[in-house]
Amino acid sequence: MWCFILAELLVFGVFFLAYAFARTHDVELFNASQLELDRTSGFINTMLLISGSYFVVLAVDRIRHGHSRACTRWLIAAMACGAAFLVLKLVEFSGKIEAGISMSTNTFYMFYLGLGFFHFMHVVLGMVILGAVTLKAWRGGYRASDYAGVETGAAYWHMVDLVWIVLFPLIYLLN
Amino acid sequence: MKYQSQLVAKPYFIAAIGLFLGQILFGLIMGLQYVVGDFLFPEIPFNVARMVHTNLLIVWLLFGFMGAAYYLIPEEAERELHSPKLAMAMFWIFLAAGVATILGYLLVPYATLAEWTGNDLLATMGREFLEQPLPTKVGIVVVALAMLYNLSMTVLRGRKTAINLVMLVGLWGLAIFFLFSFYNPNNLVKDKYFWWWVVHLWVEGVWELIMGAMLAFVLIKVTGVDREVIEKWLYVIIAMALITGLIGTGHHYYWIGAPEYWQWWGSVFSALEPIPFFMMTVFAFSMVNRRRREHPNKAAVLWALGTGVMAFLGAGVWGFLHTLAPVNYFTHGSQITAAHGHLAFYGAYVMVVITMISYTMPLMRGRAANSPLAQTVEMWSFWLMTVSMMFITLFLTAAGILQIWLQRISDQPMSFMAAQDQVALFYWMREYAGLVFLSGLLLYISSFFIKGKAATAD
Amino acid sequence: MSSAFTKSAARNIFYGGAVFFFLLLIALTFDTMGQLPKRDNRENLSESVIRGKHIWETRNCIGCHTLMGEGAYFAPELVNVYTRRGPDFIKAWIQGQPTGAPGRRQMPNFNLTEEQLDDMVNFFKYTSEINTANWPPNIEG
């Protein structure tokens, strides 16, 4: 699993480098377009993902002590954060699309929409993974001696969170 | 060989090698036409020779994949093939269709061939690599579906291993993506966009699954390393291949009228495409280092290691060389592309098919391995072909760099033909390297006829 | 994290990754199809251009030439041949083949009619107006 997570981080890493590279070539365009973004929504989303990560940590902690029920509850809480993130993100995207903005508008929007959508799909995948783990935890499929599945799901969720924590300041804030 | 029905692979492999020889002969004709322009004109114009060269490559690799599938799937599924008769019937149909198509190319003007074969009903011909007349394309689909039925039935009722599942997924993908060859819109940009769904999603997608399964199968057999370990590697490698390769399609969308964001998507993902190939190299070497037995078939081990290295060089390194959009802006459609194409096809697909042939042919002929002399000759042919292909690639790369400089970068750009004249020396050297390749291939074929006592493991 | 990396985990990554990235490819393709009308010069896709494309295909031109950099590398790039040479030159050139110059590369004569030659020229005019992100780097292709 770790090699996969590293590979994912590598993909995002290359994208971030490409962003930085593209930005140095047209700083003004990037700064101007950046101001059109909804920072509040981005900030709330950051909070949502960080809380989600925290809940996942609690879930792992609970199952380590053998509490399946509590583990399930925290996992559901984490997924709720993920779902809220997705809704906010969709609102953000649809606002841009209604304004006639697409990946072909300019290089900044290519990164904002492209990277954002790419990350969006990762959140969806993270939800699917957490969903599968939750289902198994709910049925009592993990115990204090065997909770590798929860840890793996948690690791993936942290990765998705980590990527956002880099992505948010890079695209929304860095001016 | 555990099951009688695995023997159907034999005619597939023999046909593959025969067509391979044809491919090389036409390659040499083209190579000469690059420097002696009117060679064999008007009997065999360059475009006809090229069509024969590339189509033979595709057809013989497909023969190789099919033969490999008919051999490894029964063994992995631990049961006889669902219908050996169907497999043999498909062999003859495919061979007849292949030969008839090649003869059609050589004997009839292409426009006439198109008219005769119903291209006016559904125009699919005249696009690179998909030049086959409509009946041949339909034939490919029929043969592929019959094979998939045959193999799927075998696997469904037998043991399901990672290797036979991956092989099957790869072959299904091959058949499904080929269906895009029937889609030829009037809009040239859309035509090209979906043309790559056949070409790219084959060679940088589903074919890699087939290749991975074949390599994993041979490595299990010749090294005796635990199946769990090898199958885990297989999954990781092909996962990386698809993760990078699917969006990597974007590196073909830079300059054909698609939106410009593909320059970013294509560059980022295809920059990562060498990773699965590098893993394949590491995979082959570490499995051989951890071997639990000495397999008497040394030649097969050499081919397996060779395909790991050469696939990485050809597909990984030479691919990366010109995949980034700012570089590709200058290299696109030059001899650099030709250099990459040659080494990648040879290193990845030619060599993996020969690996499979090298491992299975002695078994199908009733021995664990060929005689030491036959193996020595085969290994010589390995070095001759591999080294000469490396040189072909280097000469074409040199020609490409010079061509790009003269025609696209310098202050007074030369016309295409003027630039071609300047790089003629490299084309001559490429042709000589091609002759060495041919001698290697002839040596390889001769190794099948060397008798002697079978080698033993020690 | 002590979890051992198992074969089933590797398998899930393969199937999951394949589906994930295939969906991404479809999403990008969907967006591309929406953007194409602005770039692919479809408004000039006349009957004559379509006939020209058909002639291009049935004479296997791609077996020697490149078009937008794709094809064989034996003969010149033709996406911009209309701007490079102009209509009259193109027609005269196609009719004048093969040159028969000893040792030089030869192009077959396809015996095209005057109308077919016009179709070819129209096809090349159409290709030269597709937005190819400024490729080729210069007029020589």
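Just so you know, these numbers come straight off a predicted model, no measurement behind them.

## Quick notes on the overall build of chain A
Right, so step 1: Helices and strands together make up the secondary structure of chain A, namely six helices and zero strands.
Right, so step 2: When the helices and strands of chain A are placed in sequence order, the string is α-α-α-α-α-α.
Right, so step 3: Along the longest, intermediate and shortest principal axes, the C-alpha atoms of chain A span 55 × 30 × 20 Å.
Right, so step 4: By the burial criterion, 37% of the 175 residues in chain A qualify as buried.
Right, so step 5: Counting only contacts in chain A whose residues sit at least 6 apart along the sequence, the fraction spanning at least 24 positions is 80%.

## Side note on the overall build of chain C
Right, so step 1: Across its full length, chain C carries five helices and two strands.
Right, so step 2: Listed N to C, the secondary structure of chain C is α-α-β-β-α-α-α in terms of helices and strands.
Right, so step 3: Over its C-alpha atoms chain C spans a radius of gyration of 22 Å, topping by over 25% the 14 Å that the globule rule assigns to 141 residues.
Right, so step 4: Considered along the principal axes of its C-alpha atoms, chain C spans approximately 75 × 40 × 30 Å.
Right, so step 5: Evaluated residue by residue, chain C yields a buried proportion of 42% over its 141 residues.
Right, so step 6: The contacts of chain C with a sequence gap of at least 6 include a subset with a gap of at least 24, amounting to 67%.

## Concerning the interface of chain C and chain B
Right, so step 1: Across the boundary between the two partners, chain C contributes 57 residues, which contact 62 residues of chain B.
Right, so step 2: Here the element with the most residues in the side of chain C that touches chain B is helix α1 (residues 7-35) of chain C; it accounts for 14 residues.
Right, so step 3: Class assignment of the residues belonging to the side of chain C that touches chain B gives a composition of 27 nonpolar, 17 polar and 13 charged.

## With respect to unusual backbone geometry
Right, so step 1: In this structure, the amide linkage connecting B:F41 to the following residue, B:P42, adopts the cis form with an omega of 5°.
Right, so step 2: When you line up the elements, B:P42 lands in the loop between α1 (9-35) and α2 (46-77).
Right, so step 3: A positive phi is found at B:E78, a non-glycine position, where the angle reads about 60°.
Right, so step 4: Tracing the backbone through its elements, the reader meets B:E78 in the loop between α2 and α3 (84-107).
Right, so step 5: Residue classification places B:E78 among the partly exposed positions, given that 13 C-beta atoms sit within 10 Å.
Right, so step 6: Of note, the phi angle at C:N41 is positive, near 60°, even though the residue is not glycine.
Right, so step 7: Mapping C:N41 onto the fold places it in the loop between α1 and α2 (47-58).
Right, so step 8: Residue classification places C:N41 among the buried positions, given that 21 C-beta atoms sit within 10 Å.

## Digging into the interface of chain A and chain B
How big an interface is tends to be reported as the loss of accessible area on association of its parts.
Right, so step 1: Each partner contributes to the interface: chain A provides 11 residues, whereas chain B provides 10 residues.
Right, so step 2: Secondary structure elements with two or more residues in the side of chain A that touches chain B: α1 (2-25) and α5 (107-138) of chain A.
Right, so step 3: Ranked by residues supplied to the side of chain A that touches chain B, first place goes to α1(A) with seven residues.

## Structural notes on the domain arrangement of chain C
Right, so step 1: Domain annotation for chain C reports domain 1 (7-36) and domain 2 (42-128).
Right, so step 2: Placing a centre on the C-alpha atoms of domain 1 of chain C and another on those of domain 2 of chain C gives a separation of 38 Å.

## Description of helix α9 (residues 262-271) of chain B
Right, so step 1: Here α9(B) lies mainly inside the structure; 10 of its 10 residues are buried.
Right, so step 2: Buried within α9(B) are the following residues: B:W262, B:Q263, B:W264, B:W265, B:G266, B:S267, B:V268, B:F269, B:S270 and B:A271.
Right, so step 3: The inward-facing, buried residues of α9(B) contact α1 and α5 of chain A, α8 (227-248), α11 (298-321) and α12 (325-331) of chain B together with α1 of chain C.

## Remarks on the confidence of the model for chain C
Right, so step 1: Residue-level pLDDT values for chain C average 95, and 97% of them are 70 or greater.
Right, so step 2: Reported confidence for the predicted complex is 0.97 by ipTM and 0.94 by pTM.

## Quick look at the environment of A:V27
Right, so step 1: Mapped onto the secondary structure, A:V27 falls in helix α2 (residues 27-34).
Right, so step 2: Put simply, A:V27 and A:N175 are 148 residues apart on the chain and 8.6 Å apart in space, counted from C-alpha to C-alpha.

Criteria and thresholds
Residues numbered from 1 in each chain as written. Chains lettered and ligands numbered in written order. Predicted model: local features only at pLDDT ≥ 70, side-chain atom pairs only at ≥ 80, totals over all residues. Helix = DSSP H or I, 4+ residues; strand = E, 2+ residues; numbered from the N terminus. Buried ≥ 20, exposed ≤ 12 C-beta atoms within 10 Å, placed from the backbone. Contact = placed C-beta atoms within 7 Å. Rg over C-alpha atoms; globule rule 2.2 N^0.38 Å. Nonpolar A, V, L, I, M, F, W, Y, C, P; charged D, E, K, R; others polar. Domains from an automatic or database assignment. pLDDT = per-residue confidence, 0-100.

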